[in-house]
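Per-entry structural report
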Amino acid sequence: MEIDPTSSIQEMIENTDNSAMNSIMQDLAFAIPGVDEAMGFAEVMKLVKSMEYEVIIFDTAPTGHTLRFLSFPTVLEKALAKVSQLSGRFGPMMQQMSGLMGVSGNHEDMFAKLESMRAVINEVNQQFQDPDKTTFVCVCISEFLSLYETERLVQELTNGNIDTHNIVVNQLLFPPKDSNCDQCQVRHKMQQKYLEQIFDLYEDFHVTLLPLLTTEVRGVERLKTFSRLLLEPFQPPK
């Protein structure tokens, strides 16, 4: 399924008593870094709790988005602490101003909703940090930038106590030795250089090599064929 985090946030907020409070809640929610990724995961968590699945796969966004999501509980904790502090100082004034402006909502409702969101995200974070429940499979290609991003991701996952011991290297070229394709040979040589670095960096990891295909992986049969490559080592042409 494809998640629309924007509608998830709006649905969470829409039960607030009035439009003015809705607007404040929405501005606060969207201002928190990583909230879109977090709400997307929270939507899937609803399904996880209500149905029985053996395995659930989350196809995450690129590295920057994923790392932003992982930092979300910490960021939200700090934001809520600051909001609570402001609530204690300015709560009566906010209530008085709301009355003058004809807004009937209670500002405490807003803090309660943010607190409930924090509880969901913390539960998600605990699931992430349980190696018996979650592991992270890094997918990269054999090029400098991708290798750099993968190393950054692995370090951040390790710092976040998230299990990771699998790396998939995709789109590898394996031209036959008698191939007349100069571009293929040059690119193969470049890929092999970075592939050696991957094996050196991740000697304790399970590294899976996947070839560059001539067709798109679309449709059930092609997915089945492609999935076998994740389990059975690819045999390059001789």
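In this text, all values refer to a predicted model and were calculated from it rather than measured experimentally. (Residues numbered from 1 in each chain as written. Predicted model: local features only at pLDDT ≥ 70, side-chain atom pairs only at ≥ 80, totals over all residues. Heavy atoms only, no water.)

**Notes on the overall build of the chain**
In plain terms, the rule: Helix and strand definitions here come from DSSP, where helices need a minimum of 4 consecutive H or I residues and strands a minimum of 2 consecutive E residues; each element is numbered from the N-terminal end. Partly exposed residues are those whose accessible area sits between 20% and 50% of the maximum for their type, while under 20% is buried and over 50% is exposed, using a 1.4 Å probe and protein chains only. Contact definition: two residues touch when any of their heavy atoms are within 4.5 Å.
The secondary structure content of the chain amounts to nine helices and three strands. Listing each helix as α and each strand as β along the chain from the N terminus yields α-α-α-α-α-α-β-α-β-α-β-α. The buried share among the 238 residues of the chain stands at 34%. Expressed as a percentage of contacts within the chain between residues at least 6 apart in sequence, the contacts between residues at least 24 apart total 72%.

**Digging into the state of the cysteines**
Here is the rule: Disulfides are defined as cysteine sulfur pairs within 2.5 Å.
Under the criterion given, the structure shown has one disulfide. A sulfur-sulfur distance of 2.4 Å marks the disulfide that ties Cys 181 to Cys 184. Here the S-S torsion is close to 70°, and the disulfide linking Cys 181 with Cys 184 is therefore right-handed. The thiol of Cys 138 is not disulfide-bonded; the next cysteine sulfur, from Cys 140, is found 7.9 Å away. The buried category is assigned to Cys 140, whose relative accessible area is 4%.

**What to know about helix α7 (residues 144-159)**
Heads up, the condition is: Every helix has an expected span of 1.5 Å times one less than the residues it contains. The directions from the helix axis to the C-beta atoms form the arc being described.
In this model, α7 (16 residues) spans 23 Å end to end at C-alpha, consistent with the 22 Å of a helix rising 1.5 Å per residue. Among the residues of α7, Ser 146, Leu 147, Thr 150, Leu 153, Val 154 and Leu 157 are the ones counted as buried. Relative to the axis of α7, the buried residues are bounded by an arc of 125° and lie together on one face. In α7, those exposed residues whose orientation departs by more than 90 degrees from the buried face are Phe 144, Leu 145 and Asn 159. Asn 161 sits one or two residues past α7 and shows a positive phi near 60°.

**Side note on the packing of aromatic side chains**
Here the distance between the centres and the angle between the planes together describe a pair of aromatic rings. Our working definition: Aromatic contacts are taken between Phe, Tyr and Trp rings whose centres are within 6.5 Å, Trp giving its six-membered ring; a plane angle under 30 degrees counts as stacked, one over 60 as edge-to-face, and the others as tilted.
The full count for this structure, using the stated rule, is two aromatic pairs. The interplanar angle of 20° and the centroid separation of 6.5 Å between the aromatic rings of Phe 144 and Tyr 148 together place this pair among those described as stacked. Placement of the pair is Phe 144 and Tyr 148 together in helix α7, with a separation of four residues, close to one helical turn. On the basis of relative accessible area, Tyr 148 is assigned to the partly exposed category, the value being 49%.

**Regarding a negative patch on the surface**
Let me state the cut-off plainly: Patch criteria: residues need more than 30% relative accessible area and no salt bridge. Like-charged residues are merged within 9 Å; nonpolar side chains of Val, Leu, Ile, Met, Phe, Trp and Tyr are merged within 5 Å. Residue burial considers only the protein chains on display, and all accessible areas are found by Shrake-Rupley using a 1.4 Å probe. When a carboxyl oxygen of Asp or Glu lies within 4 Å of a side-chain nitrogen of Lys or Arg, that pair is called a salt bridge. Asp and Glu count as negative and Lys and Arg as positive, but His and the ends of the chain are not part of the count. Note on charges: their place is set at NZ of Lys, CZ of Arg, CG of Asp or CD of Glu.
A cluster of acidic residues, Glu 196, Asp 200, Glu 203 and Asp 204, forms a negative patch at the surface. Its place among the elements puts Glu 196 in helix α8 (residues 182-201).

**Quick word on the sheet that holds strand β3 (residues 206-211)**
Short version of the rule: In this description, strands pair whenever DSSP reports at least two bridges between them. Lines fitted to the C-alpha atoms define the axes, with helices restricted to the stretch that makes contact. Angles between their N-to-C directions range from 0 to 180 degrees.
One open sheet accounts for three strands, arranged β1-β2-β3; its pairing is parallel. A strand with exactly one partner marks an edge of an open sheet, and here the two such strands are β1 (137-141) and β3. On average, each strand axis in the sheet is tilted by 20° relative to the strand beside it, whichever way the strands run. Where strand β2 (residues 166-172) meets β3, five bridges bridge the pair, whose relative direction is parallel. Counterpart to Asn 166 in the pairing with β3 is His 206. Along the sheet, α7 makes contact with β1 and β2, crossing β1 at roughly 165°. Set on the sheet, α8 makes contact with β1, β2 and β3; between it and β2 the angle comes to about 175°.

**Here's the deal with the nonpolar core**
To keep things clear, this is the line we draw: Here, nonpolar core means buried Ala, Val, Leu, Ile, Met, Phe, Trp, Tyr and Cys residues that are tied together by side-chain atoms lying within 4.5 Å of each other.
In this structure, Cys 138, Leu 157, Val 169 and Ile 198 are the most contacted members of the largest nonpolar core, which totals 21 residues. Contributing elements (two or more residues each) for this core: α4 (63-70), α6 (107-128), β1, α7, β2 and α8. Of all the elements, α7 adds the most residues to this core, at four residues. Excluding residues that lie within four positions of it along the chain, Cys 138 makes contacts with Thr 150, Leu 153, Val 154, Leu 157, Thr 164, Asn 166, Ile 167 and Val 168.

**Remarks on unusual backbone geometry**
Of note in this structure, Asn 161 is not a glycine but carries a positive phi near 60°. The topology assignment puts Asn 161 in the loop between α7 and β2. Residue Asn 161 is classed as exposed on the basis of its relative accessible area, which comes to 52%. With a phi angle near 60°, Gln 171 is a residue other than glycine that sits in the positive phi range. Along the chain, the position of Gln 171 falls in strand β2. Looking at Gln 171, the relative accessible area reads 40%, which means it is partly exposed.

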